[in-house]
Protein chains: 2
Amino acid sequence: MPKVATRQDARQKLLDAALSVIRTKGYSATSVDELCAAAGVTKGAFFHHFKSKEELGVAAANHWSQITGALFAQAPYHEHADPLARIIGYLEFRKALLQGGVPEFTCLVGTMVQESYETAPAIREACNASISDHAAALEPDIEAAMRDRALAADWSAASLALHTQAVLQGAFILAKAKGGAAVAADSIDHLIRYLKLLFGPGAAERQS
Amino acid sequence: MPKVATRQDARQKLLDAALSVIRTKGYSATSVDELCAAAGVTKGAFFHHFKSKEELGVAAANHWSQITGALFAQAPYHEHADPLARIIGYLEFRKALLQGGVPEFTCLVGTMVQESYETAPAIREACNASISDHAAALEPDIEAAMRDRALAADWSAASLALHTQAVLQGAFILAKAKGGAAVAADSIDHLIRYLKLLFGPGAAERQS
DNA sequence: ATATACATACCGACCAGTTGGTATGTTGTC
DNA sequence: GACAACATACCAACTGGTCGGTATGTATAT
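Residues numbered from 1 in each chain as written. Chains lettered and ligands numbered in written order. Predicted model: local features only at pLDDT ≥ 70, side-chain atom pairs only at ≥ 80, totals over all residues. Heavy atoms only, no water.

As named in an unreviewed UniProt entry, chain A is TetR family transcriptional regulator, taken from Aquamicrobium defluvii.

## Let's talk about the overall build of chain A
What counts, and what does not: Runs of H or I in DSSP of at least four residues are treated as helices and runs of E of at least two as strands, each being numbered from the N terminus. Burial status follows relative accessibility: with a 1.4 Å probe on protein chains alone, a residue under 20% of its type maximum counts as buried, one over 50% as exposed, and anything between as partly exposed. Residues are treated as being in contact if the distance between any of their heavy atoms lies within 4.5 Å. All accessible areas in this document rest on Shrake-Rupley with a 1.4 Å probe, and a residue is counted as covered only by the protein chains that are shown. When charges are counted, Lys and Arg are positive and Asp and Glu negative, with His and the chain ends excluded. Note on charges: their place is set at NZ of Lys, CZ of Arg, CG of Asp or CD of Glu.
Along the backbone of chain A there are 13 helices and zero strands. In chain A, the succession of α and β elements from N to C terminus is α-α-α-α-α-α-α-α-α-α-α-α-α. Taken along its principal axes, the extent of the C-alpha atoms in chain A is 65 × 40 × 30 Å. Here chain A holds 208 residues, and 55% of them are scored as buried. Summarising the internal contacts of chain A: among those between residues at least 6 apart in sequence, 68% fall at separations of at least 24. Total accessible area on chain A is roughly 8,900 Å²; 55% of this is exposed by carbon and sulfur atoms. Side chains of chain A give 20 positive and 22 negative charges; the mean places of these two sets differ by 6 Å.

## Thoughts on the relation of the copies chain A and chain B
As a reminder, the rule being used: Fitting of the copies onto one another was done by least squares over C-alpha atoms, counting residues only where both copies have pLDDT of at least 70.
The operation relating chain A to chain B is a screw motion whose rotation component is 180 degrees, with 0.0 Å of axial translation and a residual RMSD of 0.0 Å. Such a combination of turn and shift is consistent with a two-fold rotation axis. Using C-alpha coordinates, one finds that chain A approaches the rotation axis most closely at A:Gly170, a distance of 1.9 Å. Counting the interface residues of chain A, we find that 100% of their copies in chain B are interface residues as well, pointing to one common contact surface.

## Brief notes about the packing of helix H2 (residues 10-25) of chain A against helix H5 (residues 53-73) of chain A
Residues and elements named next belong to chain A. The condition is simple: Every axis corresponds to a line fitted to the C-alpha atoms, with the helix fit spanning only the stretch in contact, and the corresponding angles, defined between N-to-C directions, vary from 0 to 180 degrees. Each angle is binned into one of four classes, with values under 35 degrees roughly parallel, values over 145 roughly antiparallel, values of 65 to 115 roughly perpendicular, and all other values oblique. Polar here means any residue other than Ala, Val, Leu, Ile, Met, Phe, Trp, Tyr, Cys and Pro, which are nonpolar, and Asp, Glu, Lys and Arg, which are charged; Gly is therefore polar.
Here H2 crosses H5 at 90 degrees, and the two axes come no closer than 9 Å. On the basis of the axis angle, H2 is roughly perpendicular to H5. Contact residues: H2 offers Arg11, Gln12, Leu15, Asp16, Ala18, Leu19, Ile22 and Arg23, while H5 offers Leu56, Ala59, Ala60, His63, Trp64 and Ile67. Tallied by class, residues from the contact of H2 with H5 come to nine nonpolar, two polar and three charged.

## Some details on the UniProt feature "DNA-binding region" (unreviewed entry) in chain A
This is how the line gets drawn: UniProt positions are given in the numbering used here, feature names are shortened, and annotations may be inferred rather than shown by experiment.
Per the UniProt record, "DNA-binding region" (unreviewed entry) is annotated on residues 31-50 of chain A. Helix and strand shares over residues 31-50 of chain A are 75% and 0% respectively, and the end C-alpha atoms of the span are 14 Å apart.

## Some words on the nonpolar core
Just so we agree on the cut-off: In plain words, nonpolar cores are sets of buried Ala, Val, Leu, Ile, Met, Phe, Trp, Tyr and Cys residues tied together by side-chain atoms within 4.5 Å.
Core analysis: the biggest nonpolar cluster contains 152 residues, and A:Ile142, A:Phe199, B:Ile142 and B:Phe199 have the highest contact counts within it. In this view, A:Phe199 contacts A:Leu84, A:Ile142, A:Ala145, A:Met146, A:Arg149, A:Leu151, A:Trp155 and A:Leu160; residues no more than four positions away in its chain are not counted.

## Thoughts on the side chain of B:Thr30
Residue and element names in this part refer to chain B. Condition: Within 3.5 Å is the distance limit for a polar contact, defined as a pair of N or O atoms, with the added protein rule that one can donate a hydrogen and the other accept it, and that residues adjacent in sequence qualify only through two side-chain atoms.
Note on threonine 30: relative accessible area 1%, which makes it buried. Among the polar contacts made by the side chain of threonine 30, one reaches the main-chain carbonyl oxygen of glycine 26 at a distance of 2.6 Å. Among all residues touching threonine 30, those that are not within four sequence positions of it are Val21, Ile22, Lys25, Leu35 and Lys53.

## Some points on the environment of B:Lys53
Residue and element names in this part refer to chain B. With respect to the helices and strands, the residue lysine 53 is situated in helix H5 (residues 53-73). For lysine 53, a relative accessible area of 21% corresponds to the partly exposed category. Sequence separation of lysine 53 and valine 32 is 21 residues, and the distance between their C-alpha atoms is 6.9 Å. Each residue touching lysine 53, except ones within four places of it in the same chain, is listed here: Tyr27, Ser28, Thr30, Val32 and Phe46. Among the polar contacts listed, one links the side chain of lysine 53 to the backbone oxygen of tyrosine 27, at a separation of 3.1 Å.

## Structural notes on the interface of chain A and chain B
Rules: Buried area: the accessible surface (1.4 Å probe) lost by two parts on joining, summed over both. Throughout this description, the term salt bridge denotes a Lys or Arg side-chain nitrogen within 4 Å of a carboxyl oxygen of Asp or Glu.
With 46 residues of chain A at the contact, the number on the chain B side is 46 residues. Summing the contributions of chain A and of chain B, the shared interface buries around 4,200 Å²; its carbon and sulfur component is 64%. Considering only the surface of chain A that becomes buried against chain B, A:Gln114, A:Tyr117 and A:His190 emerge as the three largest contributors, covering 16% of it. In this assembly, chain A and chain B are joined by two salt bridges. Measuring nitrogen to oxygen at the nearest pair gives 3.6 Å for the salt bridge that ties B:Asp154 to A:Arg193.

## Comments concerning unusual backbone geometry
All names here are of chain A. Although it is not a glycine, alanine 150 adopts a positive phi angle of roughly 50 degrees. Examined against the element boundaries, alanine 150 turns out to sit in the loop between helix H10 (139-148) and helix H11 (157-178). The exposure class of alanine 150 is exposed, given its relative accessible area of 61%.

## Description of the confidence of the model for chain A
Short version of the rule: The predictor rates its confidence in each residue with pLDDT, a number between 0 and 100.
In this model, chain A carries an average pLDDT of 93, and 93% of its residues clear a pLDDT of 70 or more. Low pLDDT, under 50, characterises residues 1-5 of chain A; the stretch is placed with zero contacts to residues that sit more than four places away or in other chains.

Here it is as C-alpha cells:
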C-alpha cells in the first residue's frame, strides 16, 4: 500500500476540489471550510499549503492552465495539414467539450476574474495569463492561414485569437443564464462561420 | 423644501448603489452592510424594502434592465433607414460606451449570473431575462436585414442576436482580465466585421 | 376640525452562525 | 532529531437577518 499517496497530496486534492467548487459557486461564495470538506482535507492542511485563500485562487488558476494546456495540446485537431482546418478543428473541439452540467464545461478563470479583477490583483493576473496564453497558442495557426491566403487584413492574428476567447467566455455566460449548453454551441457556430468568411474562397479579394 | 424627497427613496439609493458596488466586487463579495453604507442607508431600511439579499439581487437585475433599456431605446442608431446600419450602429454605440474604468462599463447581470446561476435561481432568471430581452430587441432589425438581402441562412435572427450578446459579455471578461477596454473594442470590431461579411455585398450568393 | 386607526418608511441594537486565519499539537520520513 | 505534512482547537471579525421601536402620512368617522 502506498502510504505516501495519502500523504503529500492534500495540495492536489484541494486544487482539484477548487476547480469544481469554484466553477459551481464562484470564488467569493466558496469558503475555505467548504473547499477542505470537498477535498477531504482539514483546515490545517489548507493553510499549510496556501498562506491565504487568495493564494489558493492564484494556484487554482495556474492549475487550470496546466490541465487545459495539456488537454488542448494532445487534442486531435493539430493533425490537420491546413492551418484553417486546425483552427476550425479547435472550435469544433471546444463545441464537443460542451457536455454534462454547466459547471462542468465552463471556465474557471473566466468565472474567477469577474469576481476578483478589482479586489485581488494576483488572481486577476493569473487568470489573465491563463486566457492570454491560451489565446496565444492559436496565433501561429491564424498567422499561417493569413499567409496562405495572402490576407492583408486590418486586424491582427492576436486580436482574432483573443476574439475567439471572448466568444467562448461570453458563450459560457449565456449558457449559465439560460441553464444549458445549446446557446453556447450556437455562438461557437457563428464564430466558425466568421472564420470561414474571413478565410474562405474570395476572402482575400473582399478584404483589402 | 421637499421633505418627501428624503423619505421613500432608500430603495432607489440601494438599487443605484448595488449597480456600482456589485459590478466592482461581485455579488457574493458585496455585503449588505457595505451596500447600506454605499447608499447612505441603514440596515433596517434595507430589510424593509428587500426581504433578503437575494431579493435585492433580483431587484438590481430588473433595475439594470430598466436603465439599460431606456438608454438603448433613446440611442441615435435607430434613426438609420437601413436595418443593417441600425445593427452596426448599435455595436458602434456599445463601443462608444467603453469609457471610464472597467466597473463602469461592464454588465451587472453578466457579472451576477456567473456567481449565482447554480445557487440563486431567482437571480439567474432575472439576469437571463435582462440579457434575453435585450437580445430580442435586436431581432427585428436582423430579420429585416435578412429579408432585404433575401438571405436563406442556416442560422436564425435570434441566434445572431444572442451571439452579439455573447461577444459583448466575453469582451467584458477579457477587459477585466487585461484591465482595460482596448480588447473589448477589438472584439466588437470583429463582430462588426462578421456582420458586414454576413450581410455585405455578395453575401446572399456566398450562403445558400 | 379633530380624534382614532392603521399603514408605510425607517432606525439601530442585537443574534446566531460563518468567515478567513492562527496557534499548537501529532506523526511519519530522511 | 529536524523537518515537512498534516490534524485539532480555537479566535476575532464579520455575515445575513431579526426585532422592538419611532416618525410620518392617510383614511375614516365623528
